[in-house]
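Examining the three-dimensional arrangement
The residues making up each chain are set out below.
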Amino acid sequence: MAPAFDVPACSVCRAPAVVSQAYSGQNLCAHHLDRSVRKKVGRELRKQLTIDGPTTVLVAISGGKDSAVLLSMLVDLIGNRPDVRIVAGCVDEGIEGYRPPSIEAAAQLCEMLDVEFITTSFAEQDFLAMDEVTASLDAILDKHPEAPRLPCSYCGVFRRQGINALADMVEADVVALGHNLDDMAQTVLMNLTAGEVERSRRLAPHTERPAEGLAPRIVPLRLIPEQEVHLVSMHRGLPIHNEVCPNAEGALRWRMRDVVATLEEDRPGTRHGLVRTLDAIRAMTPAEGDAAEPVGACERCGSASSRAVCKACEMRDLVNIK
Ligand code: SF4
Ligand SMILES: [Zn+2]
Ligand SMILES: [Zn+2]
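Here is a short report on the structure shown in this document. In this text, all values refer to a predicted model and were calculated from it rather than measured experimentally.

When helices and strands are counted, the protein shows 12 helices and nine strands. A globule of 322 residues ought to have a C-alpha radius of gyration of about 20 Å, and the protein, at 20 Å, matches this closely. A total of 322 residues make up the protein; the buried ones form 50% of that total. In the protein, the proportion of contacts linking residues at least 24 apart, taken out of those at least 6 apart, comes to 72%. The protein carries 35 positive and 45 negative side-chain charges, and their two centres are separated by 6 Å.

The next thing to look at is the coordination of the zinc ion (ligand 2). Protein-derived ligands of the zinc ion (ligand 2) are Cys-10 (SG), Cys-13 (SG), Cys-29 (SG) and His-32 (ND1), with the metal-ligand distances lying across 2.1 to 2.4 Å. With four donor atoms in place around the zinc ion (ligand 2) and angles of 100 to 113 degrees between them, the coordination shape is tetrahedral. Here the donor residues of the zinc ion (ligand 2) are spaced in sequence according to C-x2-C-x15-C-x2-H. Of this pair, Cys-10 sits in the segment before β1 (19-21) while His-32 sits in helix α1 (residues 30-48), and the two are 22 residues apart along the sequence. With respect to class, Cys-10 is no different from His-32; both count as buried.

The next thing to look at is the coordination of the zinc ion (ligand 3). Protein-derived ligands of the zinc ion (ligand 3) are Cys-298 (SG), Cys-301 (SG), Cys-310 (SG) and Cys-313 (SG), with the metal-ligand distances lying across 2.3 Å. Considering all four donor atoms around the zinc ion (ligand 3), angles at the metal cover 107 to 114 degrees and the coordination shape is tetrahedral. When the donors of the zinc ion (ligand 3) are listed by position in the chain, the intervening gaps give C-x2-C-x8-C-x2-C. On the criterion of sequence distance, the pair formed by Cys-298 in the loop between β8 (296-297) and β9 (304-305) and Cys-310 in the loop between β9 and α12 (311-319) is long-range, its members being 12 residues apart. There is no split in this pair, since Cys-298 and Cys-310 are both buried.

What follows covers the packing of helix α7 (residues 181-193) against helix α11 (residues 270-284). Interaxial distance between α7 and α11 falls to 8 Å at its minimum, and their mutual angle equals 60 degrees. Between α7 and α11, the crossing angle belongs to the class labelled oblique. Handedness of the crossing formed by α7 with α11: left-handed. Here Leu-181, Asp-182, Met-184, Ala-185, Val-188, Leu-189 and Leu-192 of α7 come into contact with α11, specifically with Arg-271, His-272, Leu-274, Val-275, Thr-277, Leu-278 and Ile-281. A breakdown of the residues in the contact of α7 with α11 according to their chemical character gives 10 nonpolar, two polar and two charged.

Here helix α3 (residues 99-113) is 15 residues long and its end C-alpha atoms lie 21 Å apart, about the 21 Å a rise of 1.5 Å per residue gives. Within α3, the full set of buried residues consists of Arg-99, Ser-102, Ile-103, Ala-105, Ala-106, Leu-109, Cys-110 and Leu-113. Along the long axis of α3, the arc covered by the buried residues comes to 160 degrees, so they all point the same way. Considering only its buried residues, α3 is in contact with α2 (65-78), β4 (84-92) and β5 (116-121). Just beyond α3, the residue with positive phi is Asp-114, at close to 60 degrees.

Residues Arg-35, Lys-39, Arg-43 and Arg-46 make up a contiguous surface patch of positive charge. Position of Lys-39 relative to the elements: it lies in helix α1. The exposure class of Lys-39 is exposed, given its relative accessible area of 59%.

With respect to the helices and strands, Asp-92 occurs in strand β4. Along the sequence, Asp-92 and Ile-103 sit 11 residues apart, while their C-alpha atoms lie 7.6 Å from each other. Every residue in contact with Asp-92, bar those within four places of it in the chain, is listed here: Arg-99, Ile-103, Thr-120, Ser-121 and Phe-122. A polar contact of 2.8 Å, which involves the side chain of Asp-92, links it to the backbone nitrogen of Gly-94.

Turning next to the sheet that holds strand β7 (residues 217-218). Taken in spatial order, the five strands of this open sheet run β5-β4-β3-β6-β7, and their pairing is parallel. On the outer flanks of this sheet lie β5 and β7, each paired with one strand and no other. In the sheet, strand β3 (residues 55-60) pairs with β4 via six bridges, with the strands oriented parallel. Bridge pairing in β4 links Leu-58 to Val-87.

Between its first and last C-alpha, α1 extends 26 Å over 19 residues, near the 27 Å set by a 1.5 Å rise per residue. The inward-facing, buried residues of α1 abut β1, β2 (26-28), α2, β7 and α9 (226-235).

Taken as a whole and judged by the stated rule, the model has three aromatic pairs. A centroid spacing of 6.2 Å and a plane angle of 75 degrees characterise the contact between Phe-122 and Phe-127, whose relative ring orientation is edge-to-face. Phe-127 carries the same exposure label as Phe-122, and that label is buried. Between Phe-127 and Phe-158 the ring centres are 4.1 Å apart and the planes differ by 10 degrees, which places this aromatic pair in the stacked class. Highlighted residues: Phe-127 in the loop between β5 and α4 (130-135) and Phe-158 in helix α6 (residues 151-169), separated in sequence by 31 residues. Relative accessible area serves as the criterion here: at 0%, Phe-158 is assigned to the buried category. Every member of this aromatic cluster is reached through a ring pair, and the members are Phe-122, Phe-127 and Phe-158. Sitting above the plane of the Trp-254 ring, Arg-257 keeps its charged end 5.3 Å from the centroid.

Rules of the game
- Residues numbered from 1 in each chain as written.
- Chains lettered and ligands numbered in written order.
- Predicted model: local features only at pLDDT ≥ 70, side-chain atom pairs only at ≥ 80, totals over all residues.
- Heavy atoms only, no water.
- Helix = DSSP H or I, 4+ residues; strand = E, 2+ residues; numbered from the N terminus.
- Rg over C-alpha atoms; globule rule 2.2 N^0.38 Å.
- Buried < 20%, exposed > 50% of the residue type's maximum accessible area, 1.4 Å probe, protein only.
- Contact = heavy atoms within 4.5 Å.
- Lys, Arg positive; Asp, Glu negative; His and termini not counted.
- Charge placed at Lys NZ, Arg CZ, Asp CG, Glu CD.
- Donors = N, O, S within 2.8 Å, 3.2 Å for Na, K, Ca; no water.
- Tetrahedral: all angles 85-135°; square planar, octahedral: opposite > 155°, others 65-115°.
- Axes fitted to C-alpha atoms, helices over the stretch in contact; angles between N-to-C directions.
- Parallel < 35°, antiparallel > 145°, perpendicular 65-115°, else oblique.
- Left-handed = near helix turned anticlockwise from the far one by under 90°.
- Nonpolar A, V, L, I, M, F, W, Y, C, P; charged D, E, K, R; others polar.
- Expected span 1.5 Å × (residues − 1).
- Arc of directions from axis to C-beta.
- Patch = residues over 30% accessible without salt bridge, like charges linked within 9 Å, V, L, I, M, F, W, Y side chains within 5 Å.
- Areas by Shrake-Rupley, 256 points an atom, 1.4 Å probe, with all protein chains shown as cover.
- Salt bridge = Lys/Arg side-chain N within 4 Å of Asp/Glu carboxyl O.
- Polar contact = N/O pair within 3.5 Å; in protein donor to acceptor, adjacent residues only side chain to side chain.
- Pairing = 2+ DSSP bridges.
- Phe/Tyr/Trp six-rings, centres within 6.5 Å; stacked < 30°, edge-to-face > 60°.
- Lys NZ or Arg CZ within 6 Å of the ring centre and 35° of its normal.

Laid out in structure tokens, this is it:
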């Protein structure tokens, strides 16, 4: 009997495909998609991470699919090595309704994969919880008209500091982040449309230009499309929390998602093209004497910073209006 609708066959084994990669012309079943993603992640990992001696990798996880797939792949690829310690860490931003269930998913994931799990929160880092920042945003802007208008601007800076604190807790040599191909393409486009070439150059991976005083960031999923990460997370049965943060919608990134998705549909390969643009920009600029960020120490909190008072301390002042 003819199938009710035409499911393309896997280019490798002829089983029903779960994904058609317009950018590569391949169709893949769940099993072969998983294998292909694992191979690509392994290749990126070898490029981004040199293990020569005992190495602690802090994997920043959020309870979402990207970091779950990243952690699961890293456990597969390097988890058995005696010289590698993998620790997963999650930062609680203090967003009611969104963060508690995702921390729960993150904890379940670590239990399933038998990975050490640590957490910190904005409150523990002496920042206001995001719910409080959001609630007082009008008052913050009244007092400081120059302050950022979107919650994500605060959240991003505080979370970065939280991840640094987690890395310090376990003396991490490297921090792995779950950015996928779509995230990377959106970021490149956002930076380029704002004329922020310098900022693009400072993006992870920091293999070539680590910033002094900070564990370098690696992004092994940088060439894996979001949809494929999602399919792999389902195929592997990873516990994940799928909700989107309530603050996400107003952010520029949210609009860039649509832009990048539309461009990719019109011209498959656009996302890879944007990432290649980034790599080309980085290759054109000398690595020597040009760290990911010039670094000294913040005179207030002591954390690595390119300025006298770090961005996190500056933002902490902005939101503490009482
Ligand atoms: S969407 Fe914005 S506020 Fe929500 S977790 Fe992400 S950066 Fe933070
Ligand atoms: Zn197959
Ligand atoms: Zn500081």
